[in-house]
Amino acid sequence: MRAILAQAEQEKSVSELPVSEVLPALLTALERSPQVLLAAPTGAGKSTWLPLQLLQQASLPGRIIMLEPRRLAARNVAQRLAEQLGEQPGDTVGYRLRGESCVGAHTRLEVVTEGILTRMLQRDPMLEDVALVILDEFHERSLQADLALALLLDVQQGLRDDLKLLLMSATLDNQRLQALLPAAPAIVSAGRSYPVARRYATLNPQTRFEEAVAREVAQLLREEHGSLLLFLPGVAEIERVRRELSARVGDDIDLAPLYGALPLEAQRRAILPAAAGRRKVVLATNIAESSLTIEGIRLVVDSALERVAQFDARSGVTRLQTQRISQASMTQRAGRAGRLEPGICLHLLAQEQALRAPAQSDAEILSSDLAGLRLELLQWGCSTAAQLQWLDLPPARNLQAADALLHQLGALDSAGRLNATGRKMARLGSDPRLAAILCAAGEESDAIASAALLVATLEDPPRGGSVDLRDALNHPQPQWQRRARQWQQRLHASGGRVDADRIPLLLAAGFADRIAQRRGESARYQLANGLGAMLDEDHGLSRYPALIAPALLQGAGAADARMLLALPVDLTALRAALPQLITRRVDVEWDEERGTLRAWKRELLGELVLSAQPQARPDAEILHPAMLRWIREKGLSVLGWTPEAEQLRLRLQCATQWLPEEGWPPLDDTALLDTLESWLLPEMTGVRDLKGLQGINLSRALLHLLTWSQRQRLDSALPTHYTVPTGSRLPIRYHAENPPALAVRLQEMFGEAQNPAIAEGRVPLVLELLSPAHRPLQITRDLAAFWRGAYPEVQKEMKGRYPKHPWPDDPASALPTRRTKKFSP
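Residues numbered from 1 in each chain as written. Predicted model: local features only at pLDDT ≥ 70, side-chain atom pairs only at ≥ 80, totals over all residues. Heavy atoms only, no water.

Draft legend 1. Molecular detail of the pattern of salt bridges. If you walk through the whole model with that rule in mind, you get 53 salt bridges. Between Arg208 and Glu211 there is a salt bridge, with its nearest N and O atoms 3.4 Å apart. Here Arg208 falls in the partly exposed class, since its relative accessible area comes to 44%. Glu211 sits in the buried class, given a relative accessible area of 17%. In this structure, Glu224 and Arg298 form a salt bridge, with 3.2 Å as the shortest nitrogen-oxygen distance. You can see Glu224 sitting in the loop between helix H8 (209–223) and strand S10 (227–231) and its partner Arg298 sitting in strand S13 (residues 297–302), a full 74 residues away along the chain. For the residue pair Glu224 and Arg298, the accessibility class agrees, reading buried in each case. A cluster of three or more residues bridged by salt bridges with shared partners is formed by Arg208, Glu210, Glu211, Arg215, Arg240, Glu244 and Arg248. (Salt bridge = Lys/Arg side-chain N within 4 Å of Asp/Glu carboxyl O. Buried < 20%, exposed > 50% of the residue type's maximum accessible area, 1.4 Å probe, protein only. Helix = DSSP H or I, 4+ residues; strand = E, 2+ residues; numbered from the N terminus.)

Draft legend 2. Structural detail: the sheet that holds strand S1 (residues 35–39). With respect to topology, 8 strands assemble into an open sheet ordered S4-S3-S5-S2-S6-S7-S1-S8, the strand pairing being mixed. For this open sheet the edge positions go to strand S4 (100–102) and strand S8 (186–188), each flanked by a neighbour on one side alone. The mean inter-strand angle of the sheet, taken between neighbouring strand axes irrespective of direction, is 20°. Examined bridge by bridge, S1 and S8 share 3 bridges and lie parallel to one another. Opposite Leu38, over in S8, you have Ile187 as the bridge partner. Here helix H2 (residues 23–32) sits on the sheet and contacts S1, strand S6 (130–135), strand S7 (164–169) and S8; the angle it forms with S1, its principal contact strand, is near 160°. (Pairing = 2+ DSSP bridges. Axes fitted to C-alpha atoms, helices over the stretch in contact; angles between N-to-C directions. Contact = heavy atoms within 4.5 Å.)

Draft legend 3. Quick look at helix H13 (residues 371–380). Most of H13 is tucked away, with 8 of its 10 residues classed as buried. Of all the residues in H13, the buried ones are Ala371, Leu373, Arg374, Leu375, Glu376, Leu377, Leu378 and Trp380. Along its buried surface, H13 packs onto helix H5 (114–123), helix H6 (143–158), helix H14 (396–408), helix H15 (420–428) and helix H16 (432–440). Positive phi appears at Gly381, one or two residues downstream of H13, with a value of about 105°.

Draft legend 4. The arrangement of the environment of Ala309 in detail. Among the secondary structure elements, Ala309 is positioned in strand S14 (residues 305–312). For Ala309, a relative accessible area of 36% puts it in the partly exposed group. With 58 residues separating them in the primary sequence, Ala309 and Ser367 have C-alpha atoms 7.1 Å apart. Beyond its immediate chain neighbours, meaning those up to four positions away, Ala309 contacts Thr318, Arg319, Leu320 and Ser367.

Draft legend 5. Just the packing of aromatic side chains, in detail. In total, this model carries 4 aromatic pairs according to the counting rule given. Look at Phe786 and Trp787: their rings are 5.4 Å apart centre to centre, the planes differ by 45°, and that puts the pair in the tilted class. For the pair shown, Phe786 and Trp787 are each scored as buried. Measuring from ring centre to ring centre gives 6.2 Å for Phe786 and Tyr791, while their planes differ by 75°; the resulting arrangement is edge-to-face. For the pair Phe786 and Tyr791, a shared accessibility class is recorded, and that class is buried. These aromatic residues form a ring-pair network of at least three members: Phe750, Phe786, Trp787 and Tyr791. Its end group placed over the ring of Trp641, Arg649 keeps NZ or CZ at 5.5 Å from the ring centre. (Phe/Tyr/Trp six-rings, centres within 6.5 Å; stacked < 30°, edge-to-face > 60°. Lys NZ or Arg CZ within 6 Å of the ring centre and 35° of its normal.)

Keep in mind these values describe shape, not function.
Quick look at the structure:
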């Protein structure tokens, strides 16, 4: 009976779902091609119907893995697919999320979240029993989806040419995908949606955002029937607008928030239809753009805003930035209104602004912390990201920051490869910082229990509660306790108790750069990574001189990050327990009172100074590196730049432009500061103070950057002086932006028919032709043209003003002179 009902349901679905029309073409494409692209709008049935048809009709000798970008979507999709078979998840269809698995021995279609797919690939790159991998909602371009695609393409090329890959989305960037996958057929399905009237309204800038949005929502609810989905950029806006709406809507309307940090049960309540006789307003982030089907929605209000994470590679902190969404996201959001009947979407911006929005959202990989991705690549065996195929190559600067963090966490050896700790961290499959905490626990049961609860809490941190991490650890929520037990099992530990004294040391293993030292008596702190951080002035934690802040929020334009979670730490105890965090060095700094440089021996934890002792006369091997650090901090202007040295630097910069084939060293400030050891340090013998430092011959120092042949070519091709026809050796003035110039009295150029040039004839000199009294007469880069054109006028004027000087009619063939007629040959 169950099979009959399931078959009837499937036949009904076939007749109703637009994606059924492209099923034959899709089956053919999968049979012939290793990769296939499917574009199918919201409501077409690509997620909740198509995978079953592929399971039953495609010639696939193995399981299907379908990736869903969000946990709630993965559970819901698996549930709906199982219901169509008259089963429960865990039979034919199952799912796996972080910390939750519902699969069985007969599971043939498994819905997984992104991190799970990566773990499966790392454990079994062959994916032996998998025939097809589906990447759903690929337009979201999450970091993990891009990584999964790169790994799967590598598997197809090197291990499994029979593995099939299907990329599905409502709005695929087909042009870029087809550039990466030129042989992949692209199949387009129509959508199953009713017409959606798209309206636009500009919010009053004089009104608070939450109040203006609430007014628009309440007005639309009064004018139209049905439930409403409101898109807002973040949790803070959801809560503020919810409070405003509660006073503006009737008692028959339920307000339901929906965002990723909500417990799964709360998220499920938000997507269920409103009770009979009631309406619902779902206040959601972009989690509701795709994958999730929210029942009963006829109205959509779109703030046209989203909150995106922007990783700052310098500070290692991710900033949250609110920005306009792309046109593709606006289309996705509007489509949620037409699932059941004709709907309305109100975009809260001017239509002209909507049309100017970018077509697609930026890929997450371009602006994310890449430490986790870098760890995955190293575990995969890739020393560089370029060894894999990407839609967008991970940014080099963020990869460098990732390597720096992995070194700090003790995951890499001196060659940048994973060491034993790094391999253990990679196998754990958690965020690298959290994996480092788990590894730091060692084998002792109490330490593992403490680390497990700490990591479980940081994976799913409390929102809107106490900043003091001790409060969360002392009163753990049930989901943290469940997750902690899972981590203990993963680490093959049982029992053990949470030891509060171990927590600061464990936290420092993953967040040493977030150790913070108070500045004065305020609630402002300096982090070990150099960034500023703060608490509210009256917060109880602000009385502690040192904290560890694992969770920070860097607001746009804010000087200091705000601590979202923090824990007091004793720096003396930390220094004793973790001596590897401490560095010792000598620094020099300018003493305003004495007017000289002073040396200090310091103990540091990152950028935090734990102790400092003045040094009388440190050895040169200690003093000179300290001086170089001081120069890097203050800039090159602290050195004694003579006109000769400045001209040499300009000549080298010009040589890079005019003679690029030589491979000249870069001479910009950044490059020179990076290479001080190569060119300045060799000239610092005997230098012990600022006077000696500023007395260094920088012209001689810069030549250390050149090979012997480069010096020879520089002198011949870009000389410091030019010998004019009289034999005078005159200086050439080089400029960063203007052509090189030669100031010379006009009579000394008699007999020169052509304009002189340098850089092996490639760059003509600018001649500043002067009168006998060294007054400017003419500027030219074409001497021959000057002799033929403007010279007669100059000749006429100069004969009257300087009659004792020669002014020949044919200057190009006349004898040059530095003298008057009386002394001329």
